[in-house]
Amino acid sequence: MVVSVWGAPRDRTEARRQMDAMAGAGFGNPGVEPPTAAGLVGRSAYFVRLTVDGRTSTKVRGVFDRRDTLSGREVWSAALPLEIRRTTPRGSGERLVIGRVSTTAQEVTCTWDDATTTKAYRPAPGTGIAGDFEDLIRPADGSPSDWFVCLGPEGRTFRAAAVTK
């Protein structure tokens with residue numbers, strides 16, 4: 001998984017160039033409303049790309065501004081199937097959770113439909129930030145919040161995420 005954050009453009013000209021660059025990089029529109037350069041001014045865009053079996057897909061996209069900085073135990077999350085397809089069969093299980101938490105969060109607990117849990121922690125000091133995000137909380141360049149990933153057991157569906165430390 002790779003999180004790409006694009007800084008907030010200051011005006012429509014800069015926003016138009018940035019939207020063109022996003023499209024050229026294969027990201028497309030980050031989901032701003034209105035879906036024009038004016039909707040991006042003053043807002044940062046993010047894209048989360050997932051690679052499974054050598055195939056990559058943008059799974060989560062959106063925008064945030066300075067007011068969207070998370071604090072304390074606030075959490076934002078999105079659940080999705082752990083596969084790269086254009087369509088996903090019903091009941092396939094949303095067992096991959098991607099989310100944002102405050103930079104002070106030390107642990108996130110994801111709960112699945114059978115009441116089992118997965119915990120995401122910060123990596124041990126000195127381990128760096130390169131590598132897989134699985135079950136870890138990590139910063140993403142340009143993001144005011146940190147990001148986490150929880151991977152649930154096969155066949156399970158996501159129920160909730162909470163900052164637990």
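Residues numbered from 1 in each chain as written. Predicted model: local features only at pLDDT ≥ 70, side-chain atom pairs only at ≥ 80, totals over all residues. Heavy atoms only, no water.

Student: Give a detailed account of the overall build of the protein chain, specifying residues and quantitative values.
Tutor: The secondary structure content of the protein chain amounts to two helices and ten strands. Starting at the N terminus and walking to the C terminus, you meet the elements of the protein chain as β-α-α-β-β-β-β-β-β-β-β-β. The buried share of the protein chain, reckoned over its 165 residues, is 40%. By sequence separation, contacts in the protein chain at least 24 residues apart represent 55% of the contacts at least 6 residues apart. As displayed, the protein chain has an accessible area near 8,900 Å², and 48% of this comes from carbon and sulfur atoms. (Helix = DSSP H or I, 4+ residues; strand = E, 2+ residues; numbered from the N terminus. Buried < 20%, exposed > 50% of the residue type's maximum accessible area, 1.4 Å probe, protein only. Contact = heavy atoms within 4.5 Å. Areas by Shrake-Rupley, 256 points an atom, 1.4 Å probe, with all protein chains shown as cover.)

Student: How would you sum up unusual backbone geometry? Please name residues and give values.
Tutor: Despite not being glycine, A115 has its phi angle at roughly 75°, a positive value. Relative to the helices and strands, A115 is located in the loop between β6 (107–112) and β7 (117–121).

Student: Give me the lowdown on the nonpolar core, citing residues and values where you can.
Tutor: Counting 14 residues, the largest nonpolar core has V60, I98 and W147 as its most contacted members. Listed by contribution, the elements that provide at least two residues to this core are β1 (2–6), β2 (44–52), β3 (55–64), β4 (75–80), β5 (96–101) and β9 (146–151). When residues in this core are grouped by element, the largest group, three residues, is from β2. Once residues lying within four places of it in the same chain are set aside, the contact partners of I98 are M1, V48, V60, W76, S77, A78, L80, W147, F148 and V149. In this structure, A120, C150, A161 and V163 belong to the second largest nonpolar core, which totals 13 residues. (Core = buried A, V, L, I, M, F, W, Y, C linked by side-chain atoms within 4.5 Å.)

Student: Can you lay out the pattern of salt bridges for me, pointing to particular residues and giving the numbers?
Tutor: As enumerated under the stated definition, the model contains seven salt bridges in all. Two residues, E107 and K119, come together in a salt bridge whose shortest N-O distance is 3.7 Å. A residue pair is termed long-range when its members are at least 10 positions apart, and E107 in strand β6 and K119 in strand β7 qualify at twelve residues. Accessibility expressed as a relative area gives 5% for E107, which makes it buried. The residue E107 makes a salt bridge to K165 at a minimum N-O spacing of 3.9 Å. Note that E107 is positioned in strand β6 and K165 in the segment after β10 (158–163), a separation of 58 residues in sequence. (Salt bridge = Lys/Arg side-chain N within 4 Å of Asp/Glu carboxyl O.)

Student: Could you give an account of the packing of aromatic side chains, with specific residues and numbers?
Tutor: The geometry of two aromatic rings is summed up by the distance between their centres and the angle between their planes. Under the criterion given, the structure shown has seven aromatic pairs. For the ring pair Y46 and F64, a centre distance of 5.9 Å and an interplane angle of 20° mean the geometry is stacked. On the criterion of sequence distance, the pair formed by Y46 in strand β2 and F64 in strand β3 is long-range, its members being 18 residues apart. As far as burial versus exposure is concerned, Y46 and F64 are alike and both buried. An aromatic cluster is built from Y46, F64, W76 and W147, whose rings are joined through pairwise contacts. The residue whose ring lies beneath R49 is F27, and the NZ or CZ to ring-centre distance is 4.0 Å. A cation over an aromatic ring shows up here: R100 above the ring of W76, its NZ or CZ 5.6 Å from the ring centre. (Phe/Tyr/Trp six-rings, centres within 6.5 Å; stacked < 30°, edge-to-face > 60°. Lys NZ or Arg CZ within 6 Å of the ring centre and 35° of its normal.)

Student: Describe in detail the sheet that holds β5, supporting the description with residues and values.
Tutor: Taken in spatial order, the four strands line up as β4-β5-β9-β8 in an open sheet, and their pairing is antiparallel. Only two strands of the sheet have a single partner each, and these edge strands are β4 and β8 (137–138). Here β4 pairs with β5 via six bridges, running antiparallel. By the bridge assignment for β5, L80 is matched with L96. (Pairing = 2+ DSSP bridges.)

Student: Give a description of the pairing of β5 that names residues and reports values.
Tutor: Within β5, six of the six residues are buried, which leaves the element mostly enclosed by the surrounding structure. The alternating pattern of β5 places L96, I98 and R100 and V97, G99 and V101 on opposite faces, both of which are buried.

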